[in-house]
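Structural overview for review
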Amino acid sequence: MAEGEKLIPINIEDEMKSAYIDYSMSVIVSRALPDVRDGLKPVHRRVLFGMHELGVRANSAHKKSARIVGEVLGKYHPHGDTSVYDAMVRMAQDWSLRYMLVDGQGNFGSIDGDSPAAMRYTEARMQKISEEMLADIDKETVDHKLNFDDTLQEPTVLPTRIPGLLVNGASGIAVGMATNMPPHNLTEVVNGTIAYIENNDIEVEELMTHVKAPDFPTGGTIYGYDGVKEAFQTGRGRIVLRGKANIEEVNGRECIIVDEIPYQVNKAEMIKKTADLVNEKKLEGISTIRDESDRKGMRIVYVLKRDAIPNIVLNKLYKYTALQSSFSVNNIALVKGRPQLLNLKDLIHYFVEHRHEVVVRRTTYELRKAEERAHILEGLIIASDNIDEVIKIIRASSNADEARNNLIERFKLSEIQARAIVEMRLRQLTGLEQDKLRSEYEEIIKTIADLKDILDKKDRRMDIIKEELIVIRDKYGDERRSNIEYSGGDLSIEDMIPNEKVVITISHAGYIKRTSLNEYKTQNRGGVGQKASTTRNEDFLEHLFVGTNHQYMLFFTQKGKCFWMRVYEIPEGAKTSKGRAIQNLINIEQDDKVMAFICTQDLKDEDYINSHYVIMATKKGQVKKTSLEQYSRPRTNGINAITIREDDELLEAKLTTGESQVMLALKSGKAIRFEEAKTRPMGRNASGVRGITLANDNDAVIGMIAVDDMESNILVVSENGYGKRSSLDDYRITNRGGKGVKTISITEKTGNLVSIKNVTDNDDLMIINKSGVAIRMAVEDLRVMGRATQGVKLINLKGKDSIAAVAKVMHDEDDVNGDDEVDHTTETDVSNDGTTIDNSDSEDNNNNE
């Protein structure tokens, strides 16, 4: 250790704390945050001041950027040259700043994120508006401080006439805080400022009638006004921005044309990401994307596929791409050197306060200069009144100092006046010049009186600020670029999907799809039907119902789990396509199987979910009723709908209103009818109560129906093709849990019971054999018989063939009467639950003949 030095032990924790605080304060105050008065960070202020000092004004020639950067770097900003050049480049980009402060010449980058040319190639000068930010800087209007090496003075703030912070915004990340301020329209900001000057107690709401919303350099649409309101009132808020898009027809194809994109969005990046989404099939309906932007303006063309609906594609672009983005406002700026969160009124208040100080200091400076000039003029007038004597005194003096002293003695002048007289030129002795002196003196006395009046009266100072702002507004004000869509709100996925009617089909092997109802065109009776679906060999359509895109689908599995899906989430398929396996859409276990489907209305509608119930039946005769409300909070892994006991499985689930009657039918030909009210609502985990007693261990429940329409008939079908329609009244209402009554006479000829349905004359019946043959018949062709009979033959079976499934479909006069496929009019039985069939039913088959 050198002599005279000593070590001072310091606690490292304290040292780290103080060092970090010093560093963070330095970043906050002199790097990352703008000053509330001129809206500039130190680097921008130094660039403008450096250009001012260099004399590269708006009316002078451009100078090499390297020359300007060198000036700023060497005199005021001892950091990397890139930091200075990057700041200057941004000030020259019309997509970065609402009102550009630098006039660049050369390649200053592009909205596609291309970097600017090196500073040795580009040139720059001030914009006219920047001169307004530096106006009166030479009149002692702002404080100056020493630069980094204490050799020069630099301004701590600019005496700006432009409300820079509001007009151009700012963004920066300091230590522990950040700022993100949007730009605004100059005309609006000036109008708001004038309104504030006229009434200091003005509320933010009233200011918002002048400053309507931020105004971004790239235009676009502000979608929704709540975020703007919040930002203006509190200083924080989230503003949703959308690009401007039109739908046009180009060469016979519908296209979406985008000519403005949200602020701070990289156009090339946006197009690339959109193309990726299209390739990944996450964004449907777009065939090609072209960027046709040129020097005349932006033009991005999304060419749509022929069957695409332009509005839906546009809404999807807003949802999934940067064509809609948000701007999080965080108005933090330095107020008297301290970071502060500011609302709209605060920002205007501090700007007006700054302008007021500038006007006071400028007036004081001008008054001092005027008084100094008046003082000199008084001396010159004395000299011109006594010119002969003055000349005599000067001639008699041996040098200038002596002449000055002699003049001071003779005419009682001050040192300054005497110097002015001695330095007076001979031409000032002419009569004309003497008259000029007197008129100048009179003028200057009036000016002094006026300046003193300004300093005495605050109203006059405020009027001056107003007048200067009006001049600025008239000179630089322009129209808004960003328009405002007040009605916009958060975009939900429903906004993108029309709530149209769709046909949902599910095949026996578990393939599901939705198809627009319009695809099923009407045929006259006697037609052969249309091919409705391409399924795999030995697969056939088993369930079909009509719902709307915004409805909800509940899937109930054999093991008693319930899964949830919106109808629009079911993959769309053409009428002839196979669909997607349900297993791929919901997280169902390998050994589980979907058994029942319910299509419901809005699960967020309190009244609806509390007035509807799900009633379930298992193969072993258990029934259970649960409020629909229990299923309104879905989980991706499914929720328990019923606890299934060993050797049992869920068979069916129906949606009811609590007023229905429930019927269960057994394989052995028995059926029971009881009031739904006999089953009290239970929690999701309960296993239910006994609905029917089985005849023996081999017996099982084959179906459940929930009857709302007491006029309907009961139709039962046995496996060998026998069926029978009987009146509902034939089945007396009993208590649940009984053995039931005979519903069909089971013999070897008829085979076991396979299906029970409640039908009316308006229904058609679809019967599908295990061999894949389907037949469709009208229910009205079947007469009503007693419940104990064995029924009539509904279908002729060949060999050992038997019935696989039965489904009912509604028919009308235009319905198809083919034995091939179901067509559009399969407006299924959505009477009380959106479901149509139970687990073993089937609507339709493509393998039939």
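As the structure is a computational prediction, the values presented were derived from the model and not from experiment.

Located in the positive-phi region is E140, a residue other than glycine, with phi close to 55 degrees. Residue position: E140 is located in the loop between α5 (128-134) and β4 (144-146). Positioned with a positive phi, K336 is a non-glycine residue whose angle comes to about 55 degrees. On the accessibility criterion, K336 (73% relative accessible area) is exposed.

This paragraph deals with the pairing of strand β3 (residues 123-126). Of the strand pairs in this sheet, strand β1 (residues 63-64) and β3 are connected by two bridges, and their pairing is antiparallel. Looking at the pairing, K63 lines up with A124 of β3. Across four bridges, strand β2 (residues 102-105) lies against β3 in antiparallel orientation. In the sheet register, V102 faces β3, and the bridge partner there is M126.

What follows covers helix α7 (residues 186-198). Helical geometry: 3.6 residues make up each α-helical turn, so side chains three or four residues apart lie on a common side. In a regular helix each residue adds 1.5 Å, so 13 residues correspond to 18 Å; α7 covers 18 Å between its end C-alpha atoms and thus fits that length. The buried fraction of α7 is high, at ten of 13 residues. Among all positions of α7, only L186, E188, V189, V190, G192, T193, I194, A195, Y196 and I197 are buried. Each element contacted by the buried residues of α7 is listed here: α6 (164-168), α8 (204-207), α12 (344-385) and α17 (458-476). Its side-chain oxygen at 3.0 Å from the backbone nitrogen of T187, N185 defines the N-terminal cap of α7.

A few words on the packing of α7 against α12. Interhelical geometry of α7 versus α12 gives an angle of 75 degrees and a closest axis separation of 10 Å. Relative to α12, the element α7 lies roughly perpendicular. Where α7 abuts α12, its residues G192, T193, Y196 and I197 lie against K345, I348, H349, F351 and V352.

Moving on: the packing of aromatic side chains. One pass over the full model with this rule turns up nine aromatic pairs. Between F216 and Y263, the ring centres sit 5.2 Å apart and the planes meet at 40 degrees, which makes this aromatic pair tilted. One end of the pair, F216, is in the loop between α8 and β8 (221-223); the other, Y263, is in the loop between β11 (253-260) and α10 (267-279), and 47 residues separate them in sequence. For the pair F216 and Y263, one class covers both residues: buried. For the pair Y552 and W564, a centre-to-centre distance of 5.0 Å together with 55 degrees between the ring planes defines the contact as tilted. Residue Y552 is located in strand β21 (residues 552-557), and its partner W564 is located in strand β22 (residues 561-566); the two are separated by twelve residues in the primary sequence.

Moving on: helix α15 (residues 415-422). Regarding α15, the residues found buried are Q417, A418, A420 and I421. On an axial view of α15, the arc spanned by its buried residues comes to 160 degrees, and they lie on one face. For α15, the elements touching its buried residues are α12, α13 (387-396) and α14 (400-411).

The antiparallel open sheet is built from four strands, whose spatial order is β36-β33-β34-β39. Either end of the sheet is taken by a strand with one partner, and the two such strands are β36 (753-759) and β39 (792-793). With five bridges connecting them, strand β33 (residues 713-718) and strand β34 (residues 722-727) associate as antiparallel partners. If you follow V717 over to β34, its bridge partner there is G723.

A surface patch of negative charge is lined by E659, D708, D709, E711, D729 and D730. Of note, D729 is situated in the loop between β34 and β35 (741-742). In this structure D729 comes out as exposed when scored by relative accessible area, which is 61%.

To continue, consider the UniProt feature "coiled-coil region" (unreviewed entry) in the protein. On the UniProt side, "coiled-coil region" (unreviewed entry) is annotated at positions that read residues 434-468 here. Across residues 434-468, helical content stands at 97% and strand content at 0%; the span's end C-alpha atoms are separated by 36 Å.

To continue, consider the side chain of T600. Here T600 is to be found in strand β24 (residues 594-600). Among the residues examined, T600 registers a relative accessible area of 0% and is labelled buried. Ignoring anything within four residues of it in the chain, the contact list for T600 reads Q551, Y552, L554, Y608, L628 and L655.

As a further point, take the pattern of salt bridges. Under the criterion given, the structure shown has 46 salt bridges. Between R361 and E357 there is a salt bridge, and its shortest N-O distance comes to 3.4 Å. Within this pair, R361 and its partner E357 are both found in helix α12, separated by four residues, close to a single helical turn. By relative accessible area, E357 is classed as partly exposed at 38%.

As a further point, take the environment of E649. If you trace the backbone, E649 turns up in the loop between β27 (639-640) and β28 (650-656). Leave out the neighbours within four places in its chain, and E649 touches Q558, M595, T618, K619 and I644. In terms of polar contacts, E649 uses its side chain to reach the side chain of Q558, at 3.1 Å.

With that settled, the discussion passes to the pairing of strand β30 (residues 670-675). As paired strands, strand β29 (residues 661-666) and β30 are joined by five bridges and run antiparallel to one another. Paired with A665 across the strands is A671, a residue of β30. Connecting β29 to the antiparallel partner β30 that follows it, the hairpin turn spans three residues, and G669 within it adopts a positive phi of roughly 95 degrees. As defined by bridge partners, β30 adjoins β35 across two bridges and the pair is classed as antiparallel. Paired with K670 across the two strands is K742, which belongs to β35.

Conventions used here
Residues numbered from 1 in each chain as written. Predicted model: local features only at pLDDT ≥ 70, side-chain atom pairs only at ≥ 80, totals over all residues. Heavy atoms only, no water. Helix = DSSP H or I, 4+ residues; strand = E, 2+ residues; numbered from the N terminus. Buried < 20%, exposed > 50% of the residue type's maximum accessible area, 1.4 Å probe, protein only. Pairing = 2+ DSSP bridges. Expected span 1.5 Å × (residues − 1). Contact = heavy atoms within 4.5 Å. Polar contact = N/O pair within 3.5 Å; in protein donor to acceptor, adjacent residues only side chain to side chain. Axes fitted to C-alpha atoms, helices over the stretch in contact; angles between N-to-C directions. Parallel < 35°, antiparallel > 145°, perpendicular 65-115°, else oblique. Phe/Tyr/Trp six-rings, centres within 6.5 Å; stacked < 30°, edge-to-face > 60°. Arc of directions from axis to C-beta. Patch = residues over 30% accessible without salt bridge, like charges linked within 9 Å, V, L, I, M, F, W, Y side chains within 5 Å. Areas by Shrake-Rupley, 256 points an atom, 1.4 Å probe, with all protein chains shown as cover. Salt bridge = Lys/Arg side-chain N within 4 Å of Asp/Glu carboxyl O. Lys, Arg positive; Asp, Glu negative; His and termini not counted. Charge placed at Lys NZ, Arg CZ, Asp CG, Glu CD. UniProt positions renumbered as here; feature names shortened; annotations may be inferred.

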